[in-house]
Amino acid sequence: MRIIIVGAGIVGLSVAYEALRNGASVTIVDRDPDGDKASYGNAGGIAVTEVIPASIPGLWKKVPLWMLDPLGPLALRTAHIPRLLPWLLNFATVNSASEVRRISNALAAINGRVYDDLVPLFTQVGLAGDLFRKGALTVYESEKGLGNDRREWDAKRALGVEVQELTAAQIRDMEPALSPVVKNGVFTPQWSHIGDPKKVVDVLRGWLFANGAEIVRGQVDRLVPISDGAKVVLNGGSEVTGQKVVVAAGAWSGRIASQLGDRVLLESERGYNTTIAAPGVALEREVIFADRKFVATPLSIGLRIGGGAEFGGLEAAPNYARAKALVKLAKYYFPEMREEGGVEWSGHRPATPDSLPVIGRSGPSSNIIYAFGHGHLGLTQGPTTGKIVGDLLFGRKPPIDLAPFSVARFSSKIAIFYDSLSTEARNRPPRGMGTAFGE
């Protein structure tokens, strides 16, 4: 069987790994196979404990405060708001208690398999020494901060997440570099981190190439179902045909799915980070700053400080002032940290409104399989997604229920209503949503 995989990020490479192991002929298509993408610039966390969706009851109370800060954790670019409305409407409808439970159960199901799939892959390709299972610390500046999140921590406990509340002294015993501003926190021992996200995808891609995968550099213009498979049409007119095609192109996947006729609510949630090679402070594990919504991870290439959620589409230029703001925040928590020599990065996370990836067959063709929309959890869920897609490719029953991850879930009344609006209305910024929504 010839399998074509559109996308050379961690998810696409994980699918290719599973396909090769099952004896398929594999072709990976990407406009820049070894280039900079979210799989390189992520914070390096294996975040198996992240089983609660972004849209939760009460979130609306926090959003206005975030939006008032031009360099805060959330920004919506004004020009993109009309196109973002369907996504926002769906985001608002999935924050009921029943929906949060449904989504959390689905996230717990896929995250519960992560180490079963990731560890063998890392071992096979030579990355076993790059996984550090040291847990993560989530820290707070006040008792109130932890108290506000306690319901969420209790929900995680109910889903099998180990949660240990710590005092300020206990936290500084674990991470002495943290300043006294930290008053309490939570330790999640099931979390882990890797040494360098770029090394992971470079090594995995090299292993795939050495074991027979073909890598084609090209921009995908169209994906066309045919009687015995599907045809990938590249910019310039060349074509690649296979019995099966997997769409794993991250934030760009929605465009391909829409061309096929599948309605998809997928947005670029741009993230920022700075990696400081010689920060002058040492960490043992990833630290998550709950009050300020950013993280710091000790990578083999330096201390990576990242975060932010910016919705502005795929074409908007990055605003690196956000990366600089994160470094200033980190200095508040790490007084001895040196800022010099930081390398800034920005990339597009593929975000769905319900925080669930899209994994499953395309509506128009059973020979086309989707594997995208993992948001902040691409690195975490990549190998497991590869395993699940492998089951679909080779006629096996997947280990989890895929109904919550189906692309069909976006065929909602809200999306249909929005599609019925005129083009003129769709492109007109809503009243009262001007500069208050960011740049």
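Each remark here, short or long, concerns the structure printed above.
Residues numbered from 1 in each chain as written. Predicted model: local features only at pLDDT ≥ 70, side-chain atom pairs only at ≥ 80, totals over all residues. Heavy atoms only, no water.

1. Some remarks on the pairing of strand β12 (residues 229-234)
Okay, so step 1: Of all six residues that make up β12, five are buried, and the element is covered over most of its length.
Okay, so step 2: The turn linking strand β11 (residues 220-226) back onto β12 is made up of two residues.
Okay, so step 3: Bridge count between β12 and strand β13 (residues 239-242): four bridges; the pairing is antiparallel. Residue pairing for β13: A230 is matched across the bridge by G242.
Okay, so step 4: Counted between consecutive antiparallel strands, the loop separating β12 from β13 contains four residues, among which G236 sits at a positive phi close to 105°. (Buried < 20%, exposed > 50% of the residue type's maximum accessible area, 1.4 Å probe, protein only. Helix = DSSP H or I, 4+ residues; strand = E, 2+ residues; numbered from the N terminus. Pairing = 2+ DSSP bridges.)

2. Some thoughts on the sheet that holds strand β5 (residues 131-132)
Okay, so step 1: Read from one edge to the other, the open sheet built from three strands follows the order β3-β9-β5, with strand pairing classed as antiparallel. The two strands at the open ends of the sheet, each matched to only one other strand, are β3 (45-46) and β5.
Okay, so step 2: Note that β5 and strand β9 (residues 192-194) share two bridges and pair antiparallel. By the bridge assignment for β9, L131 is matched with I194.

3. Some details on the nonpolar core
Okay, so step 1: The biggest cluster of nonpolar side chains holds 63 residues, and the ones touching the most others in it are V26, I46, L208 and V246.
Okay, so step 2: When residues of this core are assigned to their parent elements, the largest contribution, eight residues, is made by helix α1 (residues 10-21).
Okay, so step 3: Apart from residues no more than four positions distant in its own chain, V26 is found in contact with I3, I5, A16, A19, L20, G212, A213 and E214.
Okay, so step 4: Core analysis: the next-biggest nonpolar cluster, separate from the first, contains 33 residues, W87, V240, A351 and V358 among them. (Core = buried A, V, L, I, M, F, W, Y, C linked by side-chain atoms within 4.5 Å. Contact = heavy atoms within 4.5 Å.)

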